[in-house]
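# Breakdown of the fold
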Amino acid sequence: MNRKTRPFYKKEEYAMRKITRYFLIIAIPIVLVVVCITAPWAYMYLYGKYVVAEPPKPEIVNESFPFTLVYKLEGKKKVIKDTMICQYTGSEWDGEDDVQSRTWDMKLKSGEHEIVLWEGVNSSGDRQRIICGVEPEYYMGDVADDRMQLEIDETNLISGMTEEEFYYSYLLLQTMDSDDGIEEETIDKKELLSKYQIEILSWECRKPIKNKFE
């Protein structure tokens, strides 16, 4: 009795079914893992975007604040004169409150996004810079009074800067590695002087506006 041979197109169909089966065996677990990882984030995004209430919008959405920052770098006097342009950018949910929070952005008229006091390289060859940053919501009149309850070390205050301005500003040391990753750490006025020979002499800036939210 002769053994029947499987037609060529049948062999091809069988091979395709086999490949498909193996593909599904590999793909299904991967898809399930991806779904398990992304589902909570997707839920939070959709819940925050479509369920959590949006906050009242500001009456004034952008404003300019001219400033002058005077400091010494290794004994040499430096002056930065520029203008902060603060802009309302919408709202987002932080996953905690029952309402979204308003978001703001700040850039400088000169084209920069940050006030840079110093740039250099550390002992590991990583690029570093020190920036003086501010929170744009403060200048746009969008802060709660209860955020001013923290005690402020007066020895860190900068001449010309009120306690409120100091509270809503910060000094950061940024370190950029070879992969363009950025690490940030706060730095105080004493460390600024002892490690980097930077002494901030004065700060002058237009006062915050009074805004309305409806």
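See the structure printed just above.
This text gives an overview of the structure that appears in the document.

Rules of the game
- Residues numbered from 1 in each chain as written.
- Predicted model: local features only at pLDDT ≥ 70, side-chain atom pairs only at ≥ 80, totals over all residues.
- Heavy atoms only, no water.
- Helix = DSSP H or I, 4+ residues; strand = E, 2+ residues; numbered from the N terminus.
- Buried < 20%, exposed > 50% of the residue type's maximum accessible area, 1.4 Å probe, protein only.
- Core = buried A, V, L, I, M, F, W, Y, C linked by side-chain atoms within 4.5 Å.
- Contact = heavy atoms within 4.5 Å.

### Quick notes on unusual backbone geometry
With a phi close to 55 degrees, Glu74 is a non-glycine residue in the positive phi region. With respect to the helices and strands, the residue Glu74 is situated in the loop between strand S1 (62–73) and strand S2 (76–92). If you check the backbone angles, Gln197 has positive phi at about 55 degrees while not being a glycine. Tracing the backbone through its elements, the reader meets Gln197 in the loop between helix H4 (189–196) and strand S8 (198–205). Overall, Gln197 belongs to the partly exposed group, its relative accessible area being 36%.

### A few points about the environment of Asp180
Relative to the elements of secondary structure, Asp180 occurs in the loop between strand S6 (169–176) and strand S7 (182–186). With 53 residues separating them in the primary sequence, Asp180 and Arg127 have C-alpha atoms 9.6 Å apart.

### A closer look at the nonpolar core
Core analysis: the biggest nonpolar cluster contains 34 residues, and Phe67, Leu69, Met84, Leu117, Tyr139, Ile198 and Trp203 have the highest contact counts within it. Residue contributions to this core peak at five residues, all from S1. If we ignore the near neighbours within four places in the chain, the residues touching Trp203 are Phe67, Thr68, Leu69, Met84, Ile115, Val134, Tyr139, Ile158, Ser159, Gly160, Met161 and Glu165.

By themselves, these are just geometric observations and shouldn't be taken as functional.
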